[in-house]
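Listed below are the residues making up each chain.
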Amino acid sequence: MHHFEVVDSELLVDAPILALRRDQVRMPAGNISKREIVEHFGAVAIVAVDDAQRIALVHQYRHSVQQKLWELPAGLLDMKDEDALLCAQRELQEEAGVSAGHWAFLLDLVTSPGFCEEVVRVFLAGDLSEVEQPAGEDEEADMQLEWVPLDRARAMVMEGKIINSIAIAGIMAAAEVLSGRAKTHPTDTPFPLRPTHLAARRKEQDMKRG
């Protein structure tokens, strides 16, 4: 089996929440090819299910497509070495105004493996209770929260009304679990695909400034 060795790497862009690097990679035939990679912190998303089998969906503006999309509550793993579950718990409170008494690991999702490191860990949350929701900023100030029956959310996927890939995967996986056709995993399941390049660079930059 060929080992795709990185023989050189160049940082092209270093922005607040992502970076762009160019790797030179040795291919199976021996030639060197260039690959541009978007570095990412990774993220979490939550399928929060209430007692009526409704899930929390947010309607949020996304400037890349210049429209609002139906999505799961989610957030970046951009705090130093933060545990993914703790990040998910915080994001659920911030975006849905609820906390959960039960958490399970649902799936990991590689969003754009052709050019981006982003991997999203999706959790299933239940036993919900209302908590104080902090005020949103920027796009979040315009975010709409709606509790949608799970069956209706599945229909919205097939009708093309939910097009966010993370939401699609989370909704369909949660439906499999809640129907009894699949099982969840422990929240401390290892996360080997969690991106590290951008987080390590930020840590190094902070150490130099400190």
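Data block above holds the structure.
Residues numbered from 1 in each chain as written. Predicted model: local features only at pLDDT ≥ 70, side-chain atom pairs only at ≥ 80, totals over all residues. Heavy atoms only, no water.

Draft legend 1. Structural detail: the overall build of the protein chain. Scanning the protein chain from terminus to terminus reveals 4 helices and 10 strands. Along the protein chain, helices (α) and strands (β) appear in the sequence β-β-β-β-β-β-β-α-β-β-β-α-α-α when read from the amino end. For 210 residues, the compact-globule estimate of 2.2 N^0.38 gives 17 Å, and the C-alpha radius of gyration of the protein chain, at 19 Å, lies within 12% of that figure. By principal-axis analysis of the C-alpha atoms, the protein chain measures approximately 55 × 45 × 35 Å. In the protein chain, buried positions account for 40% of the 210 residues. Counted over contacts in the protein chain with a minimum sequence separation of 6, partners at least 24 positions apart contribute 61%. When the 22 positive and 35 negative side-chain charges of the protein chain are each reduced to one mean point, those points stand 6 Å apart. (Helix = DSSP H or I, 4+ residues; strand = E, 2+ residues; numbered from the N terminus. Rg over C-alpha atoms; globule rule 2.2 N^0.38 Å. Buried < 20%, exposed > 50% of the residue type's maximum accessible area, 1.4 Å probe, protein only. Contact = heavy atoms within 4.5 Å. Lys, Arg positive; Asp, Glu negative; His and termini not counted. Charge placed at Lys NZ, Arg CZ, Asp CG, Glu CD.)

Draft legend 2. Summary view of the nonpolar core. One finds V47, L106, V122 and I171 to be the most contacted residues of the largest nonpolar core, which totals 27 residues. Looking at this core, the elements with two or more residues in it are β4 (43–48), β5 (54–62), β8 (98–110), β9 (119–130), α2 (150–158) and α3 (165–178). When residues of this core are assigned to their parent elements, the largest contribution, 7 residues, is made by α3. Discounting residues that sit within four places of it in the chain, I171 has contacts with V47, I55, L57, L72, L150, A153, R154, V157 and I162. (Core = buried A, V, L, I, M, F, W, Y, C linked by side-chain atoms within 4.5 Å.)

Draft legend 3. Just the sheet that holds strand β6 (residues 67–71), in detail. Spatially, 3 strands are ordered β6-β5-β10 in an open sheet, and the strand pairing comes out antiparallel. Since the sheet does not close on itself, it has two edges, and those belong to β6 and β10 (144–149), each with one partner. Strand-to-strand twist of the sheet, defined as the mean angle between neighbouring strand axes without regard to direction, takes the value 30°. Both β5 and β6 contribute to a ladder of 5 bridges, which runs antiparallel. In the strand pairing of β6, H59 is matched with W70. (Pairing = 2+ DSSP bridges. Axes fitted to C-alpha atoms, helices over the stretch in contact; angles between N-to-C directions.)

Draft legend 4. Spotlight on unusual backbone geometry. Although it is not a glycine, Q53 sits at a positive phi angle of roughly 60°. Tracing the chain through its elements places Q53 in the loop between β4 and β5. With a phi close to 55°, D127 is a non-glycine residue in the positive phi region. Topologically, D127 is positioned in strand β9. D127 gets classed as exposed once you look at its relative accessible area, which sits at 56%.

Draft legend 5. Structural context of the sheet that holds strand β3 (residues 32–40). Within the open sheet, the 3 strands sit side by side as β1-β2-β3. Their pairing is antiparallel. Edge strands, defined here as strands with exactly one partner in the open sheet, are β1 (6–14) and β3. The average undirected angle you get between the axes of adjacent strands in this sheet is 20°. One ladder, built from 9 bridges, connects strand β2 (residues 18–26) with β3; its direction is antiparallel. Bridge pairing in β3 links L20 to V38.

Draft legend 6. Quick peek at α3. Taking 1.5 Å of rise per residue, the 14 residues of α3 would be expected to cover 20 Å, and the 20 Å separating its terminal C-alpha atoms lies within 8% of that figure. Structurally, α3 contributes buried residues whose contacts are with β4, β5, β6, β8, β9 and α2. Its side-chain oxygen at 3.0 Å from the backbone nitrogen of I166, N164 defines the N-terminal cap of α3. G180 sits one or two positions beyond α3 and adopts a positive phi of about 90°. (Expected span 1.5 Å × (residues − 1). Polar contact = N/O pair within 3.5 Å; in protein donor to acceptor, adjacent residues only side chain to side chain.)

Draft legend 7. Region of interest: the packing of aromatic side chains. Scanning the model with the defined rule gives 1 aromatic pair in all. Its end group placed over the ring of F105, R121 keeps NZ or CZ at 3.9 Å from the ring centre. The ring of F191 carries R121 above its face, with NZ or CZ at 4.3 Å from the centroid. (Phe/Tyr/Trp six-rings, centres within 6.5 Å; stacked < 30°, edge-to-face > 60°. Lys NZ or Arg CZ within 6 Å of the ring centre and 35° of its normal.)

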